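Read off the chains here:
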There are 2 protein chains.
Amino acid sequence: MKAKKSENNFRSDCPISSALDLFGDKWSLLIIRDMVYFGERTFKDFTNAAERISTARLSDRLCKLENLGLITKSNHPTNKKIYLYNLTAKGMDLFPVIAEYIRWSNKYLNDHIAKEAKEYAKMLENDRPAALNHFMKR
Amino acid sequence: MKAKKSENNFRSDCPISSALDLFGDKWSLLIIRDMVYFGERTFKDFTNAAERISTARLSDRLCKLENLGLITKSNHPTNKKIYLYNLTAKGMDLFPVIAEYIRWSNKYLNDHIAKEAKEYAKMLENDRPAALNHFMKR
DNA sequence: TAATTTTACTTTCGATTCGGAAGCAAATAT
DNA sequence: ATATTTGCTTCCGAATCGAAAGTAAAATTA
């Protein structure tokens, strides 16, 4: 119902502003993040993330991301009430963006971020292709 | 006056959400982008960008970015009414994030984005370190 | 020197988007 | 048969938004 159509009102032909037009909000990349780390997710799974997204916002973002072709929504094999969300290749291909946020935050927000993130940032520094493959190869 | 204090209310200790908490809006990275491409900029310069940021929003973002230590604000050598904005190393270090947005948009929004961006995306594919240095080395 | 223009904001205002809480119907579990 | 779970919607007040107009000080022009 609240399925937002992905309106083609880009601010310009700049690739950066266009990407931000599509998923430049505070939640979209976090939803992608969860799926990169954990793979297949349910609505409930997403609500359990540390950032505590509201169900209204989550419902809206999942619709948008599906409309953009970044994720897919499918039925649970046995439970008809549960839906399974998966990343598409297009969605997974946003991980390098995420990885650069991790690198930057590790460098400038180091005393604030989680230990595991620091370790992954170190992997990125030492061997970026391998570190990216760690999550993107599937 | 409208200098927003950078409040330490991060949603979590995740490096991605924390970065988005700081500059995960639709304008901050575009301001950084302009400075990466053109170097030193004035208030007026920013308002001339294709995305047409409003002066209220621009004023607010420049304050925030300065408070975050991503940019500096200094006086014009002869004109006291004009201020000069420059990237700090911390701000310039966001360019790899921007570069990944360019790469992604070139791949999935190709028929929409500017020609020059496509060429830069090709440089990134062929030799990423060199392409990054093209703008970051200064 | 007086009048005009430029520059960097601020203010105002209506619209949009936000988070939080409650509500809901259908499916599942008990 | 009843209770619970799940995905999602609705409501509401608060925050944020873009657009436009206004401002004060400095610089330029006349």
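Residues numbered from 1 in each chain as written. Chains lettered and ligands numbered in written order. Predicted model: local features only at pLDDT ≥ 70, side-chain atom pairs only at ≥ 80, totals over all residues. Heavy atoms only, no water.

## Quick notes on the domain arrangement of chain A
Residues and elements named next belong to chain A.
- Domain boundaries in chain A define domain 1 (14–88) and domain 2 (94–138).
- Distance between the C-alpha centres of domain 1 and domain 2: 21 Å.
- Listed by partner, the interface residues are nine residues for domain 1 and eight residues for domain 2.
- Here domain 1 packs against domain 2, burying approximately 690 Å² in sum over the two surfaces, 82% of which is carbon and sulfur.
- Looking at the side of domain 1 facing domain 2, the largest losses of area belong to Leu29, Val36 and Tyr37, adding up to 68% of the total buried there.
- Summed over the shared surface of domain 1 and domain 2, the result is zero salt bridges.
- Looking at the side of domain 1 that touches domain 2 residue by residue, the classes come out as seven nonpolar, one polar and one charged. (Domains from an automatic or database assignment. Contact = heavy atoms within 4.5 Å. Buried area = accessible area lost by both parts, 1.4 Å probe. Salt bridge = Lys/Arg side-chain N within 4 Å of Asp/Glu carboxyl O. Nonpolar A, V, L, I, M, F, W, Y, C, P; charged D, E, K, R; others polar.)

## Looking at the packing of aromatic side chains
- What the rule picks out here adds up to 19 aromatic pairs over all chains.
- Between A:Phe95 and A:Phe135 the ring centres are 5.4 Å apart and the planes differ by 65 degrees, which places this aromatic pair in the edge-to-face class. With A:Phe95 in helix 6 (residues 95–108) and A:Phe135 in helix 8 (residues 128–136), this residue pair connects regions lying 40 residues apart in the sequence. Take A:Phe95 and A:Phe135: they sit in the same class, and that class is buried.
- An aromatic cluster is built from A:Phe23, A:Tyr101, A:Trp104, A:Tyr108, B:Phe23, B:Tyr101, B:Trp104 and B:Tyr108, whose rings are joined through pairwise contacts.
- For B:Arg11, the ring lying beneath its charged end belongs to A:Trp27, and the centroid distance is 4.5 Å. (Phe/Tyr/Trp six-rings, centres within 6.5 Å; stacked < 30°, edge-to-face > 60°. Helix = DSSP H or I, 4+ residues; strand = E, 2+ residues; numbered from the N terminus. Buried < 20%, exposed > 50% of the residue type's maximum accessible area, 1.4 Å probe, protein only. Lys NZ or Arg CZ within 6 Å of the ring centre and 35° of its normal.)

## What about the packing of helix 6 of chain A against helix 6 (residues 95–108) of chain B?
- The geometry of helix 6 of chain A relative to helix 6 of chain B is characterised by a closest axis approach of 8 Å and an angle of 175 degrees between their N-to-C directions. Taken as axis vectors, helix 6 of chain A and helix 6 of chain B run roughly antiparallel relative to one another. On helix 6 of chain B, the residues that touch A:Pro96, A:Val97, A:Glu100, A:Tyr101 and A:Arg103 of helix 6 of chain A are B:Pro96, B:Val97, B:Glu100, B:Tyr101 and B:Arg103.
- Partitioning the contact of helix 6 of chain A with helix 6 of chain B into residue classes produces six nonpolar, no polar and four charged. (Axes fitted to C-alpha atoms, helices over the stretch in contact; angles between N-to-C directions. Parallel < 35°, antiparallel > 145°, perpendicular 65-115°, else oblique.)

## What about the interface of chain A and chain B?
- The partner chain B presents 46 residues to the 46 residues of chain A that form the contact.
- Carbon and sulfur atoms make up 67% of the surface buried where chain A meets chain B, a total of about 4,300 Å² over both sides.
- Of all residues in chain A, A:Ile16, A:Tyr101 and A:Trp104 bury the most surface against chain B, accounting for 17% of the area lost on that side.
- Here chain A and chain B share six salt bridges between them.
- With a shortest N-O distance of 3.3 Å, B:Arg103 and A:Asp93 are connected by a salt bridge.
- One can count 29 residue pairs in polar contact (both at pLDDT 80 or more) joining chain A with chain B.
- Of all the secondary-structure elements, those providing two or more residues to the side of chain A that touches chain B are helix 1 (15–23), helix 2 (28–38), helix 5 (89–92) and helix 6 of chain A. (Polar contact = N/O pair within 3.5 Å; in protein donor to acceptor, adjacent residues only side chain to side chain.)

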